[in-house]
Amino acid sequence: MQHLVDKLLKNKTLTKEEFVQLIAGRNPETSEYLFKNARMVREKIYGKDIYIRGLIELTNYCKNDCYYCGIRHANKNVSRYRLKKEQVLACCEQGYRLGFRTFVLQGGEDPYYNVNRMTDIIRSIKQRFPDCAITLSLGENTYETYEAYRKAGADRYLLRHETANPLHYAKLHPSIMSSENRKRCLYDLKRLGFQVGSGFMVGSPFQTVEHLAEDLLFLAELNPHMVGIGPFISHHETPFANEKSGTLELTLFMLAILRLMFPSLLIPSTTALGTIDPFGREQGILSGANVVMPNLSPLDVREKYMIYDNKIATGLESSEYLHMLKEQMRKIGYEVVVARGDYKKQ
Ligand code: SAH
């Protein structure tokens, strides 16, 4: 398998068959070799720097019914909340003091946040924190709406494609949602000049190694600035309540492949990684990730943004424990920096 890692390092991509071979045939030696190369590639561009993003979970109302997600519309046992502009600004204020220079507003698809309300929030943050970047992660929308967000000052947008295979996509979502529309959104966002993030879940129900290879090839075509991946984790009040979760091991392997494919990529070591393993976040960094997104949401809403069971929200991954996160990263040889942390062209 080592020859495929070498080939990937050199060509930045493989054929679908080769990706399948590499993923399906992986073993501890290949992984170690892949991780070592991923760290090397990452350090050439980003050194030992780790960028932090303050995650603000804007709303847990959602009009969609994704089969995997705990805050899906059909789940009547969620206590729903929406943050007001003043609350968002207070989160940013606290985050700024802690050293955050990027704020990520993530939420369900909630029509309450129409273009007027959303652009007002974006403009207010930009006015108060002009040296900060704003990232949005609010799901699918029209070109015109994304354009309004961009004009109001949003810099980046995260929208995971979830799975690039349309048939697999249809097994994870109701029929009114489509892989095609999600991809259309991603291309619209790129055209509008956002730094764009995509990604997928690892180990989602019905996923095959071929699907994972297709995810990588779709990303090669999209050429995003950021890619977030994390293990699928079941939520007890969804149709996938009894499905197996994805593994740390495969997620780390996929993450390291991404680093070799896209040397400059911004890759978060995600909350889902930290949820399935107490050292998941560190291992993500040691496999090539360079971003961490601590939770900055108001404390009283954190338990309500439960997209999967046992999602960690108030411990080490939260902004209150930033000093401990810094210490953990220092222990493995990395340094959390105060910076916007934009994408670096190679
Ligand atoms: N509504 C926004 C934000 C979704 S939450 C959007 O559509 O983009 C962010 C990500 O969490 C999703 O893109 C999905 O990949 C991930 N996620 C949702 N449910 C999950 C689960 N049960 N396990 C793991 N990840 C999940």
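See the structure shown above.
To keep things clear, this report deals only with the structure shown in the data block.

**Details of the overall build of the protein**
For the protein, the count of helices and strands is 14 helices and nine strands. What you see for the protein is a C-alpha radius of gyration of 19 Å, in line with the 20 Å of a compact globule of 346 residues. Counting only C-alpha atoms and orienting by the principal axes, one finds that the protein spans roughly 55 × 45 × 35 Å. Going through the 346 residues of the protein one by one, you find that 60% of them count as buried. Contacts spanning at least 24 positions in sequence make up 74% of the contacts within the protein whose residues lie at least 6 apart. Accessible area of the protein: about 14000 Å², with a carbon and sulfur share of 52%. Averaged over its 46 positive side-chain charges, the protein has a centre that lies 4 Å from the centre of its 39 negative ones.

**Observations concerning the sheet that holds strand β3 (residues 102-107)**
Spatial ordering of the open sheet is given by β2-β3-β4-β5-β6-β7, a layout of six strands whose pairing is parallel. Each edge of the sheet is formed by a strand with only one pairing partner; in this case those strands are β2 (54-59) and β7 (226-231). Geometrically, the sheet is characterised by an average inter-axis angle of 20° between neighbouring strands, direction not taken into account. On top of the sheet, helix α8 (residues 179-191) reaches β5 (156-158) and β6 (195-202); it is set at about 155° to β6, its chief contact. Docked against the sheet, helix α9 (residues 209-222) engages β6 and β7, running at close to 175° with respect to β6.

**Some thoughts on the sheet that holds strand β9 (residues 335-337)**
With parallel pairing, three strands are arranged side by side in an open sheet as β8-β1-β9. At either margin of the open sheet sits one strand with a lone partner, and together these are β8 (291-292) and β9. Sheet analysis places strand β1 (residues 49-52) next to β9, joined by three bridges and oriented parallel. Its bridge partner being in β9, Tyr-51 is matched across the sheet by Val-337. In the packing of helix α14 (residues 322-331) onto the sheet, contacts are made with β1, β8 and β9, and the angle to β1 comes to roughly 155°.

**Observations regarding the site of the ligand**
Lining the immediate surroundings of the ligand are 18 residues, of which Tyr-68, Gly-107, Arg-160, Glu-162 and Ile-233 lie closest. Here a nitrogen atom of the ligand and a backbone polar atom of Tyr-68 are 2.9 Å apart. Take Ile-233: an N or O atom from its main chain is 2.7 Å from a nitrogen atom of the ligand. For the shell around the ligand, the class distribution of residues is ten nonpolar, five polar and three charged.

**Here we look at α14**
Taken residue by residue, α14 has Leu-322, Leu-325, Gln-328 and Met-329 as its buried positions. Angularly, the buried residues of α14 cover 115° about the axis, an arc narrow enough to put them on a single face. Of the exposed residues in α14, the ones pointing more than 90 degrees away from its buried face are His-323 and Lys-331. Buried residues along α14 sit against β1, α4 (85-98), α12 (280-286), β8 and β9.

**Description of the side chain of Asn-165**
By the element assignment, Asn-165 lies in the loop between β5 and α7 (166-172). A distance of 3.0 Å separates the side chain of Asn-165 from the side chain of Glu-214, its partner in a polar contact. Discounting chain neighbours no more than four positions away, the residues touching Asn-165 are His-211 and Glu-214.

**A closer look at the packing of helix α2 (residues 16-24) against helix α10 (residues 248-261)**
In contact at an axis separation of 11 Å, α2 and α10 are set at 140° when each is read in the N-to-C sense. Classified by the angle between their axes, α2 and α10 sit oblique to one another. Taken as a pair, α2 and α10 cross one another with a handedness that is right-handed. Residue-level contacts link Phe-19, Leu-22 and Ile-23 of α2 to Leu-250, Phe-253, Met-254, Ile-257 and Met-261 of α10.

**Focus on the packing of aromatic side chains**
Two descriptors summarise a pair of aromatic rings, namely the distance from one centre to the other and the angle between the planes of the rings. All told, the structure shown has ten aromatic pairs when counted by the stated rule. Note on Tyr-112 and Tyr-113: the rings are 5.0 Å apart at their centroids and 85° apart in plane angle, and the pair reads as edge-to-face. Centroid distance Tyr-157 to Phe-194: 6.0 Å. Interplanar angle 80°. Geometry classified as edge-to-face. Note that Tyr-157 is positioned in strand β5 and Phe-194 in the loop between α8 and β6, a separation of 37 residues in sequence. Through successive ring pairs, a cluster of aromatic residues spans Tyr-67, Phe-206, Phe-232 and Phe-240. The residue whose ring lies beneath Arg-82 is Tyr-61, and the NZ or CZ to ring-centre distance is 3.8 Å. Lying over the aromatic face of Phe-218, Lys-183 brings its terminal NZ or CZ to 5.1 Å of the ring centre.

**Things to note about the pairing of strand β4 (residues 133-137)**
Among the five residues in β4, five count as buried, and that is most of the element. Alternating residues of β4 divide into Ala-133, Thr-135 and Ser-137 and Ile-134 and Leu-136, and every residue in both groups is buried. With five bridges joining them, β3 and β4 adopt parallel strand pairing. Following the sheet pairing, Gln-106 is matched in β4 by Ser-137. Crossover handedness for the path β3 to helix α5 (residues 115-128) to β4: right-handed. Summarising the sheet, β4 and β5 pair through two bridges and their orientation is parallel. By the bridge assignment for β5, Leu-136 is matched with Tyr-157. Running through helix α6 (residues 143-152), the crossover from β4 to the neighbouring parallel element β5 is right-handed.

Conventions adopted
The residue numbers shown here count from 1 along each chain, following its written sequence. pLDDT decides what is reported in this predicted model: residues at 70 or higher carry local features, side-chain atom pairs at 80 or more are listed and counted, and totals for whole chains, interfaces and linings draw on all residues regardless. The side-chain numbers reported here are obtained from all heavy atoms of the structure, hydrogens and water having been left aside. By the criteria applied, helices consist of DSSP H or I runs no shorter than four residues and strands consist of E runs no shorter than two, each listed in order from the N terminus. A radius of gyration in this sense is built from C-alpha atoms; the matching globule rule multiplies 2.2 Å by the number of residues raised to 0.38. Burial status follows relative accessibility: with a 1.4 Å probe on protein chains alone, a residue under 20% of its type maximum counts as buried, one over 50% as exposed, and anything between as partly exposed. Contact definition: two residues touch when any of their heavy atoms are within 4.5 Å. Per-residue and other accessible areas follow the Shrake-Rupley method at a 1.4 Å probe size, with only the shown protein chains counted as cover for residues. Just so you know, the count uses Lys and Arg for positive and Asp and Glu for negative, and it drops His and the chain ends. Here the site of a charge means NZ on Lys, CZ on Arg, CG on Asp, or CD on Glu. Between any two strands, at least two bridges found by DSSP are needed for them to pair. Inter-axis angles, ranging from 0 to 180 degrees, are taken between N-to-C directions of lines fitted to C-alpha atoms, where helices are fitted over the stretch in contact. To be near a molecule or strand, a residue needs just one of its heavy atoms within 4 Å of it. Polar contacts here mean pairs of N or O atoms no more than 3.5 Å apart (in protein, one a potential hydrogen donor and the other a potential acceptor; neighbouring residues in sequence count only if both atoms are side-chain atoms). Ten residue types, Ala, Val, Leu, Ile, Met, Phe, Trp, Tyr, Cys and Pro, are classed as nonpolar, four, Asp, Glu, Lys and Arg, as charged, and the remainder, Gly among them, as polar. An arc is given here, and it is the one of the directions from the helix axis to the C-beta atoms. Oblique is the label for every angle not falling under 35 degrees (roughly parallel), over 145 degrees (roughly antiparallel), or within 65 to 115 degrees (roughly perpendicular). A clockwise turn of the near helix away from the far one marks a right-handed crossing, whereas an anticlockwise turn of less than a right angle marks a left-handed crossing. Pairing of aromatic side chains here covers Phe, Tyr and the six-membered ring of Trp, requires ring centres within 6.5 Å, and sorts the geometry by plane angle: under 30 degrees stacked, over 60 edge-to-face, intermediate tilted. Whether a charge lies above a ring is judged from NZ of Lys or CZ of Arg, which has to be within 6 Å of the ring centre and within 35 degrees of the ring normal. Handedness rule for crossovers: strands pointing away from the viewer, path from the first strand over the helix to the second running clockwise, crossover right-handed.

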